[in-house]
Amino acid sequence: MYSISPAWRVWLRTAFQVRDLLLQTFVIHPALLFFVLFLLLSHHAGSSGEMLLRQAENLVRDAPDGQVWDCRTPTAEGGTTRQDLSLPPHAVTPDNIRVTPAPAVAPCVNVVVRREDWVSGMNSVLSSLYLCGVIFSVIASLAIRGIRRRAQRGNS
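What you see as residue numbers is a count from 1 along each chain, following the sequence as written. Under the rules for a predicted model, residues below a pLDDT of 70 receive no local features and side-chain atom pairs below 80 are neither given nor counted, while totals for whole chains, interfaces and linings still include all residues. The side-chain figures draw on all heavy atoms in the structure; neither hydrogens nor water molecules are used.

*Asks:* I tried to follow a nonpolar patch on the surface on my own but got confused; where do I start?
*Replies:* Residues V18, L22, L23, F26, V27, I28, L32 and Y130 make up a contiguous nonpolar surface patch of about 670 Å² in total accessible area. Broken down by element, the nonpolar patch gets its largest block of residues, seven residues, from helix α1 (residues 6-45). Numbering of helices and strands runs from the N terminus, with a helix taken as a DSSP run of H or I at least four residues long and a strand as a DSSP run of E at least two residues long. Looking at where L23 falls in the secondary structure, it is placed in helix α1. Burial classes follow relative accessibility: with a 1.4 Å probe on protein chains only, a residue under 20% of its type's maximum area counts as buried, one over 50% as exposed, and anything between as partly exposed. The class for L23 is partly exposed, based on a relative accessible area of 41%. For patch building, the residue pool is restricted to those with more than 30% relative accessible area and no salt bridge; the joining distance is 9 Å between like charges and 5 Å between nonpolar side chains (Val, Leu, Ile, Met, Phe, Trp, Tyr). To measure how exposed things are, a 1.4 Å probe is used in the Shrake-Rupley method; for residues, cover is taken only from the protein chains shown. Salt bridges are counted wherever a side-chain nitrogen of Lys or Arg sits within 4 Å of a carboxyl oxygen of Asp or Glu.

Shown next as structure tokens:
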């Protein structure tokens, strides 16, 4: 039986901890996040297969070749925005300031978009969600590591 020197044991333990941290940060935690979000979204639709099928049908039903339907708000299509309606800074006086209720949420308008545009938009959304999962995983790992170190210091 081979014995490992104490220096190698420390190095191997550190290597395993780094491996575990990287695996959890970049693979396990984001995968769990996607899975939980998928389950939550499919719970409201009845079943996951039904949700996927309905979304796929809504994207391509009656759309021209190479295009899909997308839900856009009127402001995204070149309508008026809050910035268009704002007054220049020198025109703000107590007389022309009025309190109005918040505008209602703009309804969704189905528009035809190129398939490549929809795919690139969805890829950026998924990349952002993955990045948020990685950042959350790093923060959670560092917090748990700090808690464990405090507990070990308290026991020593």
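So that's the structure; there's more coming.
*Asks:* What am I meant to see in the environment of F26 here?
*Replies:* Mapped onto the fold, F26 is located in helix α1. Judged by relative accessible area, F26 falls into the partly exposed class, the value being 41%. Separated by 108 residues in sequence, F26 and V134 place their C-alpha atoms 6.0 Å apart. Contacts are assigned to residue pairs that have any heavy atoms within 4.5 Å of one another. Each residue touching F26, except ones within four places of it in the same chain, is listed here: Y130 and V134.

*Asks:* Would you mind going over the packing of aromatic side chains with me for this structure?
*Replies:* The description of an aromatic ring pair uses the distance of the two centres, along with the angle that the planes make with each other. Aromatic rings from Phe, Tyr and Trp, with only the six-membered ring used for Trp, were paired whenever their centres fell within 6.5 Å, and each pair was classed as stacked if the ring planes differed by under 30 degrees, edge-to-face if by over 60, and tilted otherwise. Within this structure, the stated rule accounts for one aromatic pair. Judged by centre distance (5.6 Å) and plane angle (75°), the ring pair of W8 and W11 falls under edge-to-face. Taken together, the residues span about one helical turn, with W8 and W11 both in helix α1 at a distance of three residues.

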